[in-house]
Structure formats: C-alpha cells, structure tokens
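Observations on the three-dimensional arrangement
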Amino acid sequence: MGIATGLPQATVSTEASTTTEANKKVVADFLAAINERRVEDLAHHMAHDVVDHNKIIHGEADEPGAAFEGFRQQMAAFGDARMVPQELIAEGDRVVARIVATGTHSGTHPRMPEPTHRSFEVEQIWVFTVTDGRISEIRAVSDRLGMFLQLGWDWPTAD
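When helices and strands are counted, the protein chain shows four helices and five strands. Across the 159 residues that make up the protein chain, the buried fraction comes to 37%. The contacts of the protein chain with a sequence gap of at least 6 include a subset with a gap of at least 24, amounting to 55%. In the form shown here, the protein chain has an accessible surface area of approximately 9200 Å², with 54% of it arising from carbon and sulfur atoms.

What follows is about helix α4 (residues 144-151). By the burial criterion, the buried members of α4 are G146, M147, F148 and L151. In this structure, the buried residues of α4 make contact with β4 (119-131). G152 sits one or two positions beyond α4 and adopts a positive phi of about 75 degrees.

Right, let's get into the side chain of Q124. Checked against the element boundaries, Q124 lands in strand β4. Given a relative accessible area of 10%, Q124 falls into the buried group. At 2.9 Å, the side chain of Q124 and the side chain of W126 are in polar contact. Sequence-distant contacts of Q124, defined by excluding residues within four places in its chain, comprise M83, A97, R98, I99, A101, V141 and S142.

Criteria and cut-off values
- Residues numbered from 1 in each chain as written.
- Predicted model: local features only at pLDDT ≥ 70, side-chain atom pairs only at ≥ 80, totals over all residues.
- Heavy atoms only, no water.
- Helix = DSSP H or I, 4+ residues; strand = E, 2+ residues; numbered from the N terminus.
- Buried < 20%, exposed > 50% of the residue type's maximum accessible area, 1.4 Å probe, protein only.
- Contact = heavy atoms within 4.5 Å.
- Areas by Shrake-Rupley, 256 points an atom, 1.4 Å probe, with all protein chains shown as cover.
- Polar contact = N/O pair within 3.5 Å; in protein donor to acceptor, adjacent residues only side chain to side chain.

Structure representation (structure tokens):
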C-alpha cells in the first residue's frame, strides 16, 4: 500500500514501457514518412493488410491494404499536406495521436477533381493498432466539415 494515499503502488514493467515507446516510434516514423512524401516507405510502417476503418478518401476500396492507395491519393491531392503530432499516447498495442493536419488542395482528388488551391488546418484524433512493429489497424476522427468549408468543397449528400 502507498504510505501517503493508502492505495496500491503502481508498478510499470520495463517491458511494457519499452513496447509502448516502440509503438509510439512506429507511429511517429509513419507520420514522418507521410510528411516527407516517402510513399515507398509506408510499407515499413503499415502492415500489407492494414485495416483502415476511416475512409481516407471518397471511393477508396473497403478492403485490407486499401489505405496505401488512400494515402497516396491524399499526398497527390495535397502536395504540401502535413500531419503534425501534438501528442502520442500509448497503451498496450494502441497509440492515440492528436494531430494538426494542414495542406493546400493543389492536385486532383476523387471528391473534388479540380484543385481549389485553398488551404485547410484541422485537428484530428487517430487511433493506431500496432502489431509486430507495423500499423495493422487505423481509426480516425477529423473535423471534415471544417476542412470542406476551408477548401470550398460541397458537403456530400446521401444518394
């Protein structure tokens, strides 16, 4: 029992701490590859069958591994895009990243084929699952409405 509080003393295993730090490094290195446009390096950071529960781009295939094409398309559409981590928080095999994403719509995009040359800045929360040193699952929440308004894009309607 803790002397001052009467609560059990928390102990953190060195192995668990090392694993969470390694998982945070995987995510930080992945974001660096995105920011530096190293598309060929994404396979070093994402599993070949990574499952992306967040539709990165309209029209992206909903199947394992489709995130590679989604990220490639995003980089083509937003040539100066950056995903700057403000916080990385890890527990077990999960890493949560609070990110500020910025960019200028300078290339073609399936949702808006003609570049608007307008810029955006939004906050995003990403949850990555890391398995065997690679990102195996991605979930994200983003201010899409704010992004669409800043870019001058029409909000999608239901079919």
